[in-house]
Amino acid sequence: MNNKVLVTGGTGYIGSHSVVELINAGYEPIIVDNLCNSKIQVLDRIEKITGKRPTFYKIDCTNEEEFEKVFVNEKFDSVIHFAGLKAVGESVIKPLEYYQNNVGSALVLLKLMKKYNVKNIIFSSSATVYGDPISVPVYENAEIKHATNPYGETKIIIERIIEDFVKANPSFKGILLRYANPIGAHKSGLIGEEPIGIPNNLMPYITQVAIGKLDHLNVFGNDYNTIDGTGVRDYIHVVDLAKGHVSALKKFKEDITCVAYNLGTGRGTSVLELVHAFEKANNIKIPYVITKRRFGDIAINYLSAEKALKELNWKANLTIEDCCRDSWNFQVNNKDGIK
Ligand code: NAD
Ligand code: WQD
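Here is a short report on the structure shown in this document. What you are looking at is a predicted structure, and each value in this text was computed from that prediction instead of being measured. (Residues numbered from 1 in each chain as written. Chains lettered and ligands numbered in written order. Predicted model: local features only at pLDDT ≥ 70, side-chain atom pairs only at ≥ 80, totals over all residues. Heavy atoms only, no water.)

**So, the site of ligand 1**
Formally: When we say a residue is near a molecule or strand, we mean one of its heavy atoms is within 4 Å of it. Throughout this description, a polar contact denotes any pair of N or O atoms lying within 3.5 Å of each other; where both atoms belong to protein, one of them has to be capable of donating a hydrogen while the other can accept it, and for residues adjacent in sequence the pair is counted only when both atoms sit in side chains. The Shrake-Rupley method, run with a 1.4 Å probe sphere, supplies the accessible areas, and residue values consider only the shown protein chains as cover.
Taken together, the neighbourhood of ligand 1 is formed by 27 residues, with Ile14, Asp33, Asn37, Ser38 and Tyr151 sitting nearest. Between ligand 1 and the protein, one listed contact pairs an oxygen atom with a backbone N or O atom of Phe82 at 2.8 Å. Within the side chain of Lys86, one N or O atom sits 2.8 Å away from an oxygen atom of ligand 1. Burial of ligand 1 by the protein amounts to 95% of the accessible area it has alone, namely 810 Å².

Here it is, written out as C-alpha cells:
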C-alpha cells in the first residue's frame, strides 16, 4: 500500500476539503477534474492551507484514453470518486447529460481500475438514494427504491454497478458513502461552496442574502409535518464529511467487499432553525418570505450515524453554529468567488 490516492472531482466543494484532510493525514492525493464546476485556483488555496500542492490532471473522467494516462503515470492503491454533476433540478431538464457524465465516468473508472489492478474505491453517494424515507433516522439497510430525480437515480445505479463489479472481482473493495447535506467551509475561509449562478441549496443562498447579493430567502413551504412546518435535513460540516473519507480509507486494510455508510449527524434541523442559527452565529438578520413548496422536496430526511461510528470510528463533531460561522467566513473572504 503506498500513500497515493486518486481523487476524482478533487477541486470541487467536498473533494477539495477531502484533499486537505488527506494531506493532513499523510496521504498524497492525485486530483483528476475537468473543472466543469470548479476552478484551478482551488489548487493554490489547498497549497496555502496545507503547504503542499497536489498533483493535478485536467481530464474528463468519461474520456477513457485521457483518463488512462493517469493510471500509466501514477501508482496508487485507492480511488475516491467525487466527480459528477449534482444539481437535482438540472438533472430533470438534462437527464441524458447526467447519465452520460455520472454513470459514464464511473464505468470508465472501474474499467481502468480493473486493468491496472487498483482495488479500492470510495464512491460519493447521497442520502437521496433513500428517496422519501418511511422513518427517520434512515439506516443503511433501508430499502433503496427509485430516486425522485435523474441525479439521484445515477447514484443508485452507480452503487449497484460497484456492488456487481466487486462481486465479479472478489479481490476488489467498494465503500459507498451516503452523504447528508454538507454545508460549511474550511476554517481558513480559503475553500468553500461556490455554486455557479443562483444557488439551489439552502446555505449558499443564505450567505448570498447575508452579503447582499440576493434580496431575501424564499422558504419553500411551512406546511410540512415538522417542528415548525419547514423542511428538516441532516446538515453536516463539510470538514467532518472530509474526515469521514480518511476514516473510510483505513477500512480497506480489512477484509471487506462492498459496504455502505451514512455520513450524517443523526440529527435534523429545519430551514428556520438553520436561518436562526445563522443569524445568531453571525449577528446578521436574514430576511425571508414563506413561499409554496419546491417541487420534489421531501419533508424530513436525516441519517443514522451509528454504523460509521461503530465500523469506521468516525462521527461528526462540528455543530450547526460552526457550519454557519464557517460558511459566512468563506463568503466574506470571497465576495466575488475564488480568484
Ligand atoms: P462539486 O460540483 O463541487 O464537485 C464535483 C467536481 O467534479 C467538480 O470539481 C467538477 O468539475 C468535477 N467533475 C464533474 N464531472 C466530471 C467529469 N466527468 N470528469 C472530471 N471531473 C468532473 O460537487 P460536490 O458538492 O463537491 O459533490 C461531490 C460529490 O458528492 C458529487 O458526486 C455529488 O453528487 C456528491 N454529493 C454531494 C452532495 C452535496 O450536497 N454537495 C450531497 C451528496 C452527494
Ligand atoms: C434544504 C432545505 C428546501 C433552498 C439537495 C439534493 C441532494 C443533495 C443535497 C446532492 C429543503 C429548503 C432550500 C432555498 C429553501 N445534493 N430550501 N429555500 O434539497 O435537501 O438536497 O442537496 O447529492 O441530493 O436533493 O438540499 O439545500 O436544496 O434544501 O427553503 O432557497 O432547504 O426546501 O427543505 P436538499 P437544499
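**Some points on the environment of Glu74**
The criterion, for reference: Under the DSSP-based scheme used, a helix requires at least four consecutive residues in state H or I and a strand at least two consecutive residues in state E, with every element numbered from the N terminus. Whether two residues are in contact is decided by their heavy atoms: any pair within 4.5 Å suffices.
The residue Glu74 is located in the loop between α3 (64-73) and β4 (78-81) in this model. For Glu74 and Thr8, which are 66 residues apart along the polypeptide, the C-alpha to C-alpha distance reads 14 Å. Setting aside residues up to four positions removed in sequence, Glu74 forms contacts with Lys4, Ile30, Thr55 and Tyr57. Here the side chain of Glu74 touches Tyr57 through a polar contact of 2.6 Å, side chain to side chain.

**What to know about the state of the cysteines**
The cut-off we apply is this: For this text, the term disulfide refers to a pair of cysteine sulfurs within 2.5 Å. Exposed residues in this analysis have more than 50% of their type's maximum accessible area, buried residues have under 20%, and partly exposed residues fall in between, with area computed by a 1.4 Å probe over protein chains only.
Across all of its chains, the model carries zero disulfides by this definition. The thiol of Cys61 is not disulfide-bonded; the next cysteine sulfur, from Cys36, is found 9.6 Å away. The thiol of Cys258 is not disulfide-bonded; the next cysteine sulfur, from Cys61, is found 19 Å away. Taking relative accessible area as the criterion, Cys258 reaches 22% and is therefore assigned partly exposed.

**Observations concerning the side chain of Asn334**
Turning to its location among the elements, Asn334 is positioned in the segment after α11 (320-333). Excluding its chain neighbours within four sequence positions, the residues that come into contact with Asn334 are Arg45 and Gly189.

**Thoughts on the pairing of strand β8 (residues 217-220)**
Heads up, the condition is: A pair of strands is labelled paired if DSSP reports no fewer than 2 bridges between them.
Alternating residues of β8 divide into Leu217 and Val219, all buried, and Asn218 and Phe220, none buried. As paired elements, β8 and strand β13 (residues 288-291) share four bridges and run parallel to each other. Paired with Val219 across the two strands is Ile290, which belongs to β13.

**Quick word on the site of ligand 2**
Put simply, the rule is: Any residue outside Ala, Val, Leu, Ile, Met, Phe, Trp, Tyr, Cys, Pro, Asp, Glu, Lys and Arg is labelled polar, Gly included; the first ten of those are nonpolar and the last four are charged.
Close contacts around ligand 2 come from 19 residues, with Tyr151, Leu202, Asn218, Arg233 and Asp297 the closest. One of the backbone nitrogen or oxygen atoms of Leu202 is found 2.8 Å away from an oxygen atom of ligand 2. Within the backbone of Phe220, an N or O atom sits 2.9 Å from an oxygen atom of ligand 2. Calculation on ligand 2 without its partners gives an accessible area of 680 Å², and the protein chains cover 88% of this total. Within the residue set of the shell around ligand 2, elements represented by two or more residues are α7 (202-210) and β8. The dominant element in the shell around ligand 2, judged by the number of residues it contributes, is β8, at four residues. When grouped by side-chain class, the residues that make up the shell around ligand 2 number nine nonpolar, seven polar and three charged.

**As for the nonpolar core**
Note the cut-off: Here, nonpolar core means buried Ala, Val, Leu, Ile, Met, Phe, Trp, Tyr and Cys residues that are tied together by side-chain atoms lying within 4.5 Å of each other.
Counting 47 residues, the largest nonpolar core has Ile122, Ile175, Leu177 and Leu249 as its most contacted members. Taken together, the elements giving at least two residues each to this core come down to β1 (4-8), α1 (13-24), α2 (41-50), β6 (173-179), α8 (238-250), β11 (258-263) and α10 (306-312). The contacts of Ile122, once residues within four sequence positions are left out, are Val79, Ile80, His81, Ile175, Leu177, His245, Ala248, Leu249 and Phe252. Phe71, Phe76, Val79 and Phe123 belong to the second-largest nonpolar core, a separate cluster that totals 28 residues.

**Description of α8**
Note the threshold: Helix span, expected: 1.5 Å multiplied by one less than the number of residues in the helix.
Compared with an ideal rise of 1.5 Å per residue, which puts 13 residues at 18 Å, α8 spans 19 Å between its outermost C-alpha atoms and is within 8% of the ideal. Extensive coverage of α8 is indicated by the burial of eleven of its 13 residues. Within the span of α8, buried status applies to Val238, Val239, Asp240, Leu241, Ala242, Gly244, His245, Val246, Ser247, Ala248 and Leu249.

**A few points about the pattern of salt bridges**
What counts is decided by this rule: The salt bridge criterion pairs a side-chain nitrogen of Lys or Arg with a carboxyl oxygen of Asp or Glu, the two atoms within 4 Å.
Inspection of every chain in the model, using the stated rule, returns 16 salt bridges. Of the charged contacts, one joins Arg53 and Asp44 as a salt bridge, the two residues approaching to 2.8 Å between their closest N and O atoms. Among the ionic pairs, Glu90 bridges to Lys94, the shortest N-O distance being 3.7 Å. Assessed through its relative accessible area of 29%, Glu90 is described here as partly exposed. For Lys94, a relative accessible area of 35% translates into the label partly exposed. In this structure, a network of salt bridges that share partners links the residues Asp44, Glu47 and Arg53.

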